Amino acid sequence: MATTAAGTRQEELAFIRVDGVRIAYADTGGTGTPLVLVHGSWGSHHNWDAVVPGLAERFRVVSYDRRGHSESQRPPGHGHFSEDVADLAALIEQLGVAPAWVVGSSFGAAVTVKLAAARPEILRGIVAHEPPLFGLLEAGSQEAHAVAEIESGPLTEVGRRIATGDHAGAAEQFAEQVALGPGSWARLPEAMRAMMIANAPTFLDELRDTERLLVGEAELARYGGPALLTSGDQSPPIFQHIERQLAKLLPHASRITYSGAGHIPHVTHPEEYVAALVGFIESHEVDRR
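Within each chain, residues carry numbers counting from 1 in the order of the written sequence. Only residues with pLDDT of at least 70 get local features here, since the model is predicted, and only at 80 or more are side-chain atom pairs given and counted; chain-wide, interface and lining totals rely on the full set of residues. To get the side-chain values, all heavy atoms of the structure are used, and hydrogens and water are removed first.

Draft legend 1. Here's a closer look at the pattern of salt bridges. The salt bridge definition used is simple: a Lys or Arg side-chain nitrogen within 4 Å of an Asp or Glu carboxyl oxygen. Overall, the coordinates contain 14 salt bridges when judged by the stated rule. Here Arg 58 makes a salt bridge to Glu 282, at a shortest N to O gap of 3.0 Å. Within this pair, whereas Arg 58 is found in the loop between α1 (52–56) and β6 (59–64), its partner Glu 282 is found in helix α12 (residues 270–288), the two being separated by 224 residues in sequence. A salt bridge links Glu 157 to Arg 160; its shortest N-O distance comes to 2.6 Å. Here Glu 157 pairs with Arg 160, and both are found in helix α4 (residues 142–163), just three residues apart, close to one helical turn. Helix and strand assignments follow DSSP, with helices taken as H or I runs no shorter than four residues and strands as E runs no shorter than two, numbered in order from the N terminus.

Draft legend 2. Representation of the side chain of Asp 84. Within the fold, Asp 84 resides in helix α2 (residues 81–94). Two residues qualify as a contact provided that any one of their heavy atoms is within 4.5 Å of a heavy atom in the partner residue. Once residues within four sequence positions are removed from consideration, Asp 84 is found in contact with Arg 66, Arg 67 and Val 111.

Draft legend 3. Examining the environment of Ser 70 more closely. For Ser 70, the position within the fold is in the loop between β6 and α2. Sequence separation of Ser 70 and Ala 24 is 46 residues, and the distance between their C-alpha atoms is 8.7 Å. Excluding anything up to four places from it in sequence, Ser 70 contacts Gly 43, Ser 44, Asp 65, Met 195 and Asn 199.

Listed below in C-alpha cells is the structure:
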C-alpha cells in the first residue's frame with residue numbers, strides 16, 4: 001500500500017453490486033475480527049486513511065465509498081439513507097464477514113445506528129461518532145430549536161449552492177458553518193477539499209431525505225450488542241445531547257469523549273482514535289471467546 005504526496009492511501013479497490021449499483025470498497029484482508037468503516041457526508045473511504053494502518057494490525061478492515069461518493073456509482077434520482085443501510089448490510093454479507101463490527105462517523109454513524117436497528121444479527125457491535133440524528137431531540141427543546149436554525153440557515157444555503165452548481169462554495173460553507181468551524185476549510189488537505197467538492201451532489205440528496213434525522217427507537221432499543229458512542233469536546237454540545245438520548249435507547253451503550261478533538265477525530269487524533277477502538281472492541285471480543 002502506497003501513499004501519495006496528498007496523503008491518501010493508494011490501494012486496489014474492489015466492487016460489489018447492490019440492486020445494480022456499483023459500490024467500491026477496500027479490504028485489508030486477513031483472518032482478524034472484521035471491522036467495517038462507514039464515512040460521513042461529502043467523503044469517501046479515504047477519510048479513514050490515518051487510522052486504517054493501526055486498525056489493520058488487529059482487525060480485518062473494510063472501508064468503502066457510500067453510494068454516490070467518489071468511486072461508487074451515483075444512480076439517477078434522489079437517494080435515501082435506507083439505501084445506504086441496505087448497501088452496508090449487503091457489503092457485510094457479500095464479503096462473508098458477518099457478524100462484523102461497524103464503525104461510523106457523522107452521517108456514517110447515523111447509517112451505522114440505523115443498521116443496528118434494522119439488521120442486528122449481522123453485527124458484533126457498533127461504534128458511532130456524533131451521528132446527526134436530530135430527530136431524537138425533544139420537540140420544542142432549546143437543542144431542537146438550535147437545529148431548526150441550522151436547517152433553515154446554513155444548510156438551506158448549502159443546498160441552494162449545490163443546486164446551482166456552486167459545489168466549492170457549498171463545501172466550504174458546510175465545513176466552516178456546520179461541521180468543523182471557522183477557518184477549517186483552509187486547514188483541510190487539498191485532496192480532502194477536492195473530494196468534498198466532487199461529492200457535493202450526493203449531499204443534496206441527503207438533505208432532501210425526510211428520514212435522515214430519524215431512527216426507529218423501538219427497533220434500536222431491541223439491539224442487544226455492545227455500542228460505543230463517542231464525541232469530541234470541541235464539537236457543538238448538541239452532539240452530546242443526541243448521544244445521551246441514544247444511550248437511553250441502547251441497552252449496552254458506553255460513551256467516551258475525545259479531548260481536544262471535534263467532529264473528525266479519526267483525522268485529527270488518529271492515535272487516540274485507534275487506541276479507543278482497539279480497547280473497546282477487544283474487551284468485548286474476549287467476552288465472545
